[in-house]
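One letter stands for each residue in the lines below.
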Amino acid sequence: MIDFIACIDFKGLKEKNINLELNCHSQKKQDFNNSYKNDYVLFKHNGSNKNLNLYETKNEKFLVFATIFEEDRQSLINKLDIKDDLNIKDSELMMKLYLKFGARGLQCLSDGFIFVIIDYAKEKVLAFRDHIGIKNICYFMSDSSIYLSSSFKNIFNLKDKNFSLNLQKVENFLNFEDISNTNTFTNEINKVSPSHLIEFNQGQIKISQYSKYKLKKNFVSADDQINGLRQLIKKSVSIDRSCKHSKIGFLFSGGLDSSTIISFFKTIKKINHEIFSFSSHFKNIDKDVVHLIDESSYQDEINKMKDINSITFDGGNESTLSDIDFYLEVVGQPFFFPNLYLSKKSFALASDKGISLVMNGNDGDTVISHGYEYFQELFLSFKWIKLFKEINKTATVRSQSKRFILKRTVLEQLSLSNLQFRYAKNKHLKNISTSNHSKAIEIQSLVANYYGIEERYPFYNRELIEYCLNISPNLKNKDGHSRYILKEAIKGVVPEKIRKRHSKSNLAHALCKNFVEKDSKIIDQELSSPNKILRGYVAIDDLKSSWNSLKENPRKYATRSYVPSKIFSFVVLNRWLRISGHKIKKLEKYT
């Protein structure tokens, strides 16, 4: 991952002591080995000279920084009809795109990117974040200066800078209401939302959306929609196959999404490419719950193929809280990602194998929806006979009661905030636009970066997302099968046992087990010495009581219980305040 930090002040940096350092924790040394400095700008990054360049004309002068994936680079070269495609730099390519098409031109980019323009003539800065948040942009204003960075931590750890605690963020985080795409745990550092740009001009900041997904009516036949999805999945996994990535890693759970990614890649890989799958098993967990969590039988459907280098590990031997100081050092602020230990172990094993690129099937079930928004649309449109038929089919396929299906898929979703999303496409768009995606990417990518791993997210391909939003709702859930169109599109590519599965593993069983067997020490330690700030937001005695109850019966809390999540959130936040409290100015005033 290319990391950067910049300080821009059009009033001048001469009298200021600016010290910008790389603060991303990394196993592999990744210093800011490239920099640019003049009287107004100090810009450092760990990319190459293709990422940052100065462009001058008679009346204009720009400093441009850009990071794009190779697949988007090739599409831009074609779009702009570039002849000298080998020598043109990424920053120059992006600048040509912007000068020709403006901000709307960036919508042709399918994957993650960062694009920063410093306009000296107009004394203006523009920074664009990609459509889903694969790349991050944080910002901080100090007097007449603005700091930009790809990492919260790079700014948070600036020397001689202290920050105030964002108490609203604290409250929302502890109550599972942290839906913001922009704020951080400090009031001064913020993030640019996906599909948005930040403009800094005359000491003022303006945030605006430059790109939106387009919803439209779909008159294409069902067969053509299925085939279209199949081709787009194939395209989204068709990553650059240069010799740089002769080994390709895959996070592989055995679920539908990760199986789709590795299976489609397998059909188009070149002879000289090696495929490595990284899977966790839980065979050593209690026999009465092993069938609820272990996916080995599904993993074996692909892992036992002759051209798959299968690397498995016991997920029961790992946990996140037992190594929480490492994660906080890497991420830089509190996070909610209880199963992050599975990704960390996979990245570590991939690094040991010399793999630098790993494919992640994250959130395919949001991009290619389960389709229950269609049930809600039928309900709100008073098409209840049709709804009853769909619920009846679903109940039959899933061997569950019709009342249970109605409650889970419709009635529990009818909050006041959701009533405005009468149509399935609008509800699907709302789901793909939540902050969960960019947060998960940000956290996971920081851990991957520690091991020198670049992640790719095929399901977050912009073209694929927009296509899935516009699939006919009745093809997303049909004849009792959720994700019907995906299961049809992958027929003949993904093994039938996986394609036809209806179950998902419940990792909460492993989480609760790990709490008791591996994390008790850190949980007890943090509960016994809560930060005074958190006492105003958490009923510590009640949380202790719930913790004691969980230790007595972990399985009780593994299904539809908030207790494990409350414990995790409290421990992570309390520990962060203990470690990083010195960077929070006047922390004692909050107590």
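Figured I'd write up the structure that's included with this text.

## A word on the overall build of the protein chain
Helix and strand counts for the protein chain come out as 24 helices and 19 strands. Scaling as 2.2 N^0.38, a compact globule of 591 residues should have a C-alpha radius of gyration of about 25 Å, and the protein chain matches this with 25 Å. Along the longest, intermediate and shortest principal axes, the C-alpha atoms of the protein chain span 70 × 60 × 50 Å. Considering the protein chain as a whole, with its 591 residues, one finds that 57% of them fall into the buried category. Nonlocal contacts in the protein chain, meaning residues at least 24 apart in sequence, comprise 72% of its contacts between residues at least 6 apart.

## So, the sheet that holds strand S16 (residues 357-359)
Spatially, the five strands line up as an open sheet ordered S15-S14-S13-S16-S17, and their pairing is parallel. Two strands close off the open sheet at either side, each with one partner strand: strand S15 (308-314) and strand S17 (454-456). Across this sheet, the average inter-strand angle for adjacent strands is 30°, counted without regard to direction. Packed onto the sheet, helix H6 (residues 256-268) meets strand S13 (247-251), strand S14 (274-281), S15 and S16 and runs at close to 160° relative to S13.

## As for helix H4 (residues 167-174)
For H4, the complete set of buried residues consists of Lys169, Val170, Asn172, Phe173 and Leu174. Elements that come into contact with the buried residues of H4 comprise helix H24 (563-580). Two or three places before glutamine 168, at the opening of H4, asparagine 166 has a side-chain oxygen 3.3 Å from that residue's backbone nitrogen. Looking at the residues trailing H4, positive phi occurs at phenylalanine 176, about 60°.

## Looking at the packing of helix H1 (residues 70-79) against helix H2 (residues 90-101)
With their axes 11 Å apart at the nearest point, H1 and H2 run at an angle of 50° to one another. The orientation of H1 with respect to H2, classified from their angle, is oblique. In this structure, H1 meets H2 at a crossing whose hand is left-handed. Only Asp90, Leu93, Met94, Leu97 and Phe101 of H2 make contact with H1, whose side of the interface consists of Arg73, Leu76, Ile77 and Lys79. By residue class, the composition of the contact of H1 with H2 is six nonpolar, no polar and three charged.

## Notes on the packing of helix H10 (residues 340-352) against helix H16 (residues 436-450)
Following both chains from N to C, one finds H10 and H16 inclined at 30°, their axes separated by 9 Å at the closest point. Judged by the inter-axis angle, H10 sits roughly parallel to H16. Viewed along their axes, H10 and H16 form a crossing whose handedness is right-handed. Of the residues in H16, those in contact with Leu340, Ser343, Lys344 and Phe347 of H10 are Ile443, Gln444, Val447 and Ala448. In terms of residue class, the contact of H10 with H16 is built from five nonpolar, two polar and one charged.

## Some remarks on the pattern of salt bridges
For the structure shown, the criterion picks out 29 salt bridges. Ionic pairing is found between glutamate 466 and arginine 462, a salt bridge with its closest N-O pair at 3.9 Å. Taken together, the positions of glutamate 466 and arginine 462, both in helix H17 (residues 462-469) and four residues apart, correspond to about one turn of that helix. Taken together, the salt bridges that share partners define one network made up of Asp325, Glu526, Arg575 and Arg578.

Definitions and cut-offs
Residues numbered from 1 in each chain as written. Predicted model: local features only at pLDDT ≥ 70, side-chain atom pairs only at ≥ 80, totals over all residues. Heavy atoms only, no water. Helix = DSSP H or I, 4+ residues; strand = E, 2+ residues; numbered from the N terminus. Rg over C-alpha atoms; globule rule 2.2 N^0.38 Å. Buried < 20%, exposed > 50% of the residue type's maximum accessible area, 1.4 Å probe, protein only. Contact = heavy atoms within 4.5 Å. Pairing = 2+ DSSP bridges. Axes fitted to C-alpha atoms, helices over the stretch in contact; angles between N-to-C directions. Polar contact = N/O pair within 3.5 Å; in protein donor to acceptor, adjacent residues only side chain to side chain. Parallel < 35°, antiparallel > 145°, perpendicular 65-115°, else oblique. Left-handed = near helix turned anticlockwise from the far one by under 90°. Nonpolar A, V, L, I, M, F, W, Y, C, P; charged D, E, K, R; others polar. Salt bridge = Lys/Arg side-chain N within 4 Å of Asp/Glu carboxyl O.

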